[in-house]
Structure formats: structure tokens, C-alpha cells
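Read off the chains here:
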Amino acid sequence: DYYLVPKLGERLMAVAAKIFNTRAIEINVALKFIGSALLFLILYGWLLEMFSLKTVALISPLFVMLGINLLNPADLLRLGLLKTSVDSFLPYTRPISPLISSIFLFSGLWGIYRLIYNKTNLKTAVTLGILVGLSLYEYIFTWTFMVVVLGLYFLYFLLLYWCPDV
């Protein structure tokens with residue numbers, strides 16, 4: 001049954017609660033802040049490396065994390081009236097999904113970017129392999145997306161190997 005429903009996020013929160021000798025709800029509240037900051041830093045580092053523009057690297061994570069709310073006029077109106085609801089505002093404050101799965105996704109995409117542009121070493125490649133492997137136990141769609149991107153990259157290398165003049 002464990003393979004049918006990945007529960008790595010829940011297990012990570014339970015381990016953190018055991019380590020810090022606290023309840024899972026307190027870890028949940030702390031992860032809302034720490035996880036969002038970590039996701040912001042991952043996106044900032046990846047986008048700064050990709051575009052070399054600090055303004056893009058600072059603004060883009062905000063659009064990723066607040067994008068759903070920024071695109072919906074009804075949410076903007078409710079925010080302006082200070083009448084937001086817990087279930088519709090700021091989906092990235094839900095720690096298990098999408099927060100932890102997004103940390104895995106964007107860390108993996110950053111590793112794939114480094115792999116593609118030869119900015120990698122053995123440590124980065126092993127870390128990418130571990131991230132891709134663990135993402136299977138976090139969220140199946142995150143794993144599927146990263147495996148497809150790596151598969152397309154592999155097909156690109158096969159094409160270069162078979163047809164070097166392309």
C-alpha cells in the first residue's frame with residue numbers, strides 16, 4: 001500500500017516532530033514559513049543562475065508562489081477587503097502539497113539545468129539522482145515530470161551521438 005500513496009512529506013514532518021520533541025501541528029506551522037522561504041531561495045538561486053539578473057530572480061519566485069492569487073480578480077478583491085479564506089488563499093502555505101513537492105520539483109529542475117549546461121560535478125549529479133528518486137515517494141507527478149525531462153535530454157544526446165552534424 002505504501003507505493004500507491006506516497007507519504008514522504010508526512011513522514012518528514014513526523015520525523016521533524018520527533019527530532020524537535022514537538023507535535024506535528026507545530027511543525028506544520030513552522031514549515032509554512034521555513035518551507036516557503038526555502039522554496040523562494042531555491043527559485044532565486046536557480047533563476048539567478050539561469051538569467052543572471054537579480055530583479056528577475058527576486059520577482060519570479062513571487063509569481064510562482066502567489067501566481068494563482070495574482071491572476072484571479074476575485075482573490076485580489078477579497079485580499080483588498082481583507083476577507084480571505086483559508087482554503088483559497090496562498091496555496092503554498094499547505095506544507096505537504098504543493099510546498100514539499102515543489103521544493104523537490106524546483107530543486108530537481110535546477111539540478112537538470114546544471115547538468116545540461118555542464119555546471120555540474122559528481123556531487124550535483126548524485127544529489128539530482130537522489131532528488132529524482134525521492135520525488136517518487138513525495139508526489140508521483142513531480143517524479144514523472146523530472147523523468148520525462150531527463151528522458152528528453154537523453155534522447156537529445158542520442159541524436160547528437162547518431163547525427164553529429166545536427
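See the structure shown above.
Residues numbered from 1 in each chain as written. Predicted model: local features only at pLDDT ≥ 70, side-chain atom pairs only at ≥ 80, totals over all residues. Heavy atoms only, no water.

Undergrad: Could you clarify how one ought to interpret helix α6 (residues 122-138) in this entry?
TA: Each turn of an α-helix holds 3.6 residues, which means side chains three or four residues apart point in the same direction. In this model α6 runs 24 Å from its N-terminal to its C-terminal C-alpha over 17 residues, within 8% of the 24 Å that 1.5 Å per residue would give. Residues of α6 that are buried: Thr124, Leu128, Leu131, Val132, Ser135 and Glu138. Down the axis of α6, the buried set is contained in an arc of 120°. They therefore lie on one face. Across from the buried face of α6, at angles greater than 90 degrees, the exposed residues are Leu122 and Lys123. The backbone nitrogen of lysine 123 lies 3.3 Å from a side-chain oxygen of the residue at the head of α6, namely asparagine 121. (Helix = DSSP H or I, 4+ residues; strand = E, 2+ residues; numbered from the N terminus. Expected span 1.5 Å × (residues − 1). Buried < 20%, exposed > 50% of the residue type's maximum accessible area, 1.4 Å probe, protein only. Arc of directions from axis to C-beta. Polar contact = N/O pair within 3.5 Å; in protein donor to acceptor, adjacent residues only side chain to side chain.)

Undergrad: Even after reading the chapter, I still don't get the pattern of salt bridges, so can you show me in this structure?
TA: If the charged atoms of two oppositely charged side chains come close together, the side chains can form a pair. Tallying each qualifying case throughout the model produces two salt bridges. Between arginine 23 and glutamate 26 there is a salt bridge, with its nearest N and O atoms 3.2 Å apart. (Salt bridge = Lys/Arg side-chain N within 4 Å of Asp/Glu carboxyl O.)

Undergrad: Is there a simple way to explain the layout of surface pockets in this structure?
TA: If you add up the space inside the largest pocket, you get close to 280 Å³. Taken together, 13 residues line the largest pocket, and the ones lying closest to its centre are Leu12, Leu31, Leu38, Ile100 and Ile103. Mapped by element, the contributors of at least two residues to the lining of the largest pocket are α1 (8-19), α2 (24-51) and α5 (95-116). The element that contributes the greatest number of residues to the lining of the largest pocket is α2, accounting for six residues. Of the residues belonging to the lining of the largest pocket, the class tally is eleven nonpolar, two polar and no charged. (1 Å grid on protein atoms, 1.4 Å probe; cavity = no way out; pocket = protein on both sides within 12 Å on 5 of 7 lines; lining within 4 Å. Points joined across faces, edges and corners; volume = space filled by probe spheres on them. Nonpolar A, V, L, I, M, F, W, Y, C, P; charged D, E, K, R; others polar.)

Undergrad: I'm lost on the packing of aromatic side chains in this one. Help?
TA: For any pair of aromatic rings, the description rests on two quantities: the centre-to-centre distance and the angle between the ring planes. The final tally for this structure, using the stated rule, is five aromatic pairs. Plain terms: the ring middles of tyrosine 113 and tyrosine 117 are 4.8 Å apart, the flat faces sit at 45° to each other, and that makes the pair tilted. The class for tyrosine 113 is buried, based on a relative accessible area of 12%. For tyrosine 117, a relative accessible area of 52% puts it in the exposed group. With a centroid separation of 6.1 Å and an interplanar angle of 55°, the aromatic rings of tyrosine 156 and phenylalanine 157 are classed as tilted. Members of the aromatic cluster, connected to one another through ring pairs, are Tyr153, Tyr156 and Phe157. (Phe/Tyr/Trp six-rings, centres within 6.5 Å; stacked < 30°, edge-to-face > 60°.)

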